[in-house]
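Understanding the architecture of this molecule
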Amino acid sequence: MRSQAVVRRRRGGGGGGGGCLRRPRLERRCRAADARGTRPRSCRSQLRRSEPVGRPSLEYCLSVILNMGGAVSAGEDNDELIDNLKEAQYIRTELVEQAFRAIDRADYYLEEFKENAYKDLAWKHGNIHLSAPCIYSEVMEALDLQPGLSFLNLGSGTGYLSSMVGLILGPFGVNHGVELHSDVIEYAKQKLDFFIRTSDSFDKFDFCEPSFVTGNCLEISPDCSQYDRVYCGAGVQKEHEEYMKNLLKVGGILVMPLEEKLTKITRTGPSAWETKKILAVSFAPLIQPCHSESGKSRLVQLPPVAVRSLQDLARIAIRGTIKKVIHQETVSKNGNGLKNTPRFKRRRVRRRRMETIVFLDKEVFASRISNPSDDNSCEDLEEERREEEKTPPQTKPDPPVNFLRQKVLSLPLPDPLKYYLLYYREK
């Protein structure tokens, strides 16, 4: 795995890109690793790329932002993490915000690692991997998702991204994923099943359930259908760029890490493309295919586009009608319906010095990155004390009510039909 570092990005001000690892620290770290005989090659490559001592340029700082993240402060829960991503302008549209809030990132972590779920950091355990929230935010915004589109996720992993995409695509979209490791596919299916059975968000959205297949995404059968949106979650070598482009329909969008830049490619015609560099990143490269003993590659067959049954279409229509009724009742009760329930306002907490973790192959190094807010700590504390005195104590609101479920269960219908309309979900 390539070296991974963290950059804090400051908003506003003039031109600075936040803190990053400087060359002296890299040298000390690598010398320590040399003494243990465990210095990885990535440490040398990062030293070669590092700038001389002094204030680094914005371009240089961005060049070492990786899918480790660390661009925004950690949250206490999923909503606070999303608040931070919005404040830092990683989440910019309402559709993307709704999808992020609807699925709790911690649900995709193993139980013993959930305490890190709301940090803007990547997580890896064995073959299971989640990119940093700031990376997923940029990807979701760049894909420009709309209901009814087809989506292909190359390196679908835990299914976290595919599930968020499915909330936007709706019941008539297509949502496919290709994952190299069969154990990760099994993990993703377990998480998907848990979401469908237990999350109230499933009833708030019309969901396009993702389908996952095992295989190498560089071996997709050439006769597969093309997609409106494609995302690749691993570093794409230049020689595979055309292969990736050919997975797109005309008018489609491809987002992938290409030459250490998160890149958005729009297919504007049969042989015409528009390319935009979004963010400097560094992902582990795509794993090259392993040919069988016969020398032939194992072609990956993507799932067929499912044709919904009349019964399923009726269920979608009935649920949609009930949601409209609920919306109309809400509008009549709240006037124009534009008033939202005020979100719970948490006590403002002074940002402290941030601990970041740098991964280098199997070595782990802890590195401090200074926080500009540390400089005026006394003034900040005094200001916060005055604000707290003025602000009345607030309590958390009651959990949201699943009105769709309540409405369905109140209908004069046989119980089996009610449970069918609810997808046999648990409360």
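Residues numbered from 1 in each chain as written. Predicted model: local features only at pLDDT ≥ 70, side-chain atom pairs only at ≥ 80, totals over all residues. Heavy atoms only, no water.

1. Details of the side chain of Asn 216
- With respect to the helices and strands, the residue Asn 216 is situated in the loop between strand S5 (211–214) and strand S6 (227–232).
- There is a polar contact of 2.8 Å between the side chain of Asn 216 and the backbone nitrogen of Leu 218.
- Once residues lying within four places of it in the same chain are set aside, the contact partners of Asn 216 are Val 178, Leu 180, Ile 287, Gln 288, Pro 289 and Val 300. (Helix = DSSP H or I, 4+ residues; strand = E, 2+ residues; numbered from the N terminus. Polar contact = N/O pair within 3.5 Å; in protein donor to acceptor, adjacent residues only side chain to side chain. Contact = heavy atoms within 4.5 Å.)

2. Some remarks on the packing of aromatic side chains
- Counting across every chain of the model gives 9 aromatic pairs.
- On the numbers, 5.5 Å between centres and 65° between planes, the contact of Tyr 136 with Tyr 160 is edge-to-face. Remark: Tyr 160 occurs in helix H7 (residues 160–169) and Tyr 136 occurs in helix H6 (residues 133–143); sequence separation between them is 24 residues. With respect to burial, Tyr 136 and Tyr 160 carry one shared label: buried. (Phe/Tyr/Trp six-rings, centres within 6.5 Å; stacked < 30°, edge-to-face > 60°. Buried < 20%, exposed > 50% of the residue type's maximum accessible area, 1.4 Å probe, protein only.)

3. Quick look at the packing of H6 against H7
- One way to put it is that H6 packs onto H7 with a least axis distance of 12 Å and a crossing angle of 35°. For the pair H6 and H7, the sense of crossing is right-handed. Residues Tyr 136, Val 139 and Met 140 of H6 lie in contact with H7, whose contacting residues are Tyr 160, Leu 161, Met 164, Val 165 and Ile 168.
- For the contact of H6 with H7, the per-class residue count stands at 8 nonpolar, no polar and no charged. (Axes fitted to C-alpha atoms, helices over the stretch in contact; angles between N-to-C directions. Left-handed = near helix turned anticlockwise from the far one by under 90°. Nonpolar A, V, L, I, M, F, W, Y, C, P; charged D, E, K, R; others polar.)

4. Here we look at the environment of Ala 117
- Summarising the element assignment, Ala 117 is placed in the loop between helix H5 (94–102) and strand S1 (123–125).
- Ala 117 gets classed as buried once you look at its relative accessible area, which sits at 0%.
- When the C-alpha positions of Ala 117 and Pro 133 are compared, they lie 9.5 Å apart, and in sequence the two are 16 residues distant.

5. Things to note about the pattern of salt bridges
- Following the criterion strictly, the structure yields 17 salt bridges and no others.
- In this structure, the salt-bridge partner of Arg 101 is Glu 97, at a minimum N-O distance of 2.9 Å. You can see Arg 101 and its partner Glu 97 sitting in helix H5, 4 residues apart, about one turn around the helix.
- According to the relative accessible area criterion, Arg 101 is partly exposed, its value standing at 21%.
- Across the pair Glu 329 and Lys 407 runs a salt bridge, and its minimum N-O distance is 3.1 Å. Within this pair, whereas Glu 329 is found in helix H11 (residues 310–333), its partner Lys 407 is found in helix H13 (residues 403–410), the two being separated by 78 residues in sequence.
- Owing to a relative accessible area of 37%, Glu 329 belongs among the partly exposed residues under this scheme.
- With a relative accessible area of 26%, Lys 407 lands in the partly exposed category. (Salt bridge = Lys/Arg side-chain N within 4 Å of Asp/Glu carboxyl O.)

6. A closer look at the pairing of S6
- The buried count for S6 comes to 6 of 6 residues, which makes it a mostly enclosed element.
- In this structure, strand S3 (residues 150–154) lies alongside S6, joined through 4 bridges in parallel fashion. What sits directly across from Asn 153, in S6, is Tyr 231. (Pairing = 2+ DSSP bridges.)

7. Considering the environment of Met 256
- Looking at the element boundaries, Met 256 is found in strand S7 (residues 248–258).
- When the C-alpha atoms of Met 256 and Lys 277 are compared, they prove to be 10.0 Å apart, with 21 residues separating the residues in sequence.
- Among residues more than four places away in sequence, those in contact with Met 256 are Cys 232, Val 236, Glu 241, Met 244, Lys 261, Leu 262, Thr 263 and Ile 265.

8. Observations concerning the nonpolar core
- Counting 55 residues, the largest nonpolar core has Phe 100 and Met 140 as the members making the most contacts within it.
- At the level of elements, helix H4 (78–87), H5, strand S2 (128–130), H6, H7, helix H8 (182–198) and S7 are the ones that each hand at least two residues to this core.
- If we skip the residues at most four places from it in the chain, Phe 100 touches Asn 78, Ile 82, Ile 91, Pro 133, Tyr 136, Ser 137, Met 140, Tyr 160 and Met 164.
- Of all hydrophobic cores here, the second largest spans 23 residues; its members include Cys 217, Leu 254, Leu 286 and Leu 302. (Core = buried A, V, L, I, M, F, W, Y, C linked by side-chain atoms within 4.5 Å.)

9. Quick look at the packing of H5 against H6
- Where H5 meets H6, the closest approach of the two axes is 10 Å, and the angle between their N-to-C directions is 140°. The angle between H5 and H6 places the two elements in the oblique class. Considering only the axes of H5 and H6, their crossing is right-handed. Here Val 96, Ala 99 and Phe 100 of H5 lie close against H6, whose contacting residues are Pro 133, Tyr 136, Ser 137, Met 140 and Glu 141. (Parallel < 35°, antiparallel > 145°, perpendicular 65-115°, else oblique.)

10. Focus: H6
- Buried residues dominate H6, accounting for 11 of its 11 residues.
- Taken together, the buried positions of H6 are Pro 133, Cys 134, Ile 135, Tyr 136, Ser 137, Glu 138, Val 139, Met 140, Glu 141, Ala 142 and Leu 143.
- Trailing H6 by a residue or two, Asp 144 shows a phi angle of about 50°, which is positive.

11. Notes on the sheet that holds S3
- In spatial order, the strands read S5-S4-S3-S6-S7-S8-S9; together these 7 strands make up an open sheet with mixed pairing. Looking at which strands have only one partner, the edges of the open sheet turn out to be S5 and strand S9 (272–280). Ignoring strand direction, the axes of neighbouring strands in this sheet form an average angle of 15°.
- Across 4 bridges, S6 lies against S7 in parallel orientation. Across the sheet, Tyr 227 pairs through a bridge with Leu 248, a residue of S7.
- Of the strands in this sheet, S3, strand S4 (174–179), S5 and S6 touch H7, which is tilted by about 175° from S3.

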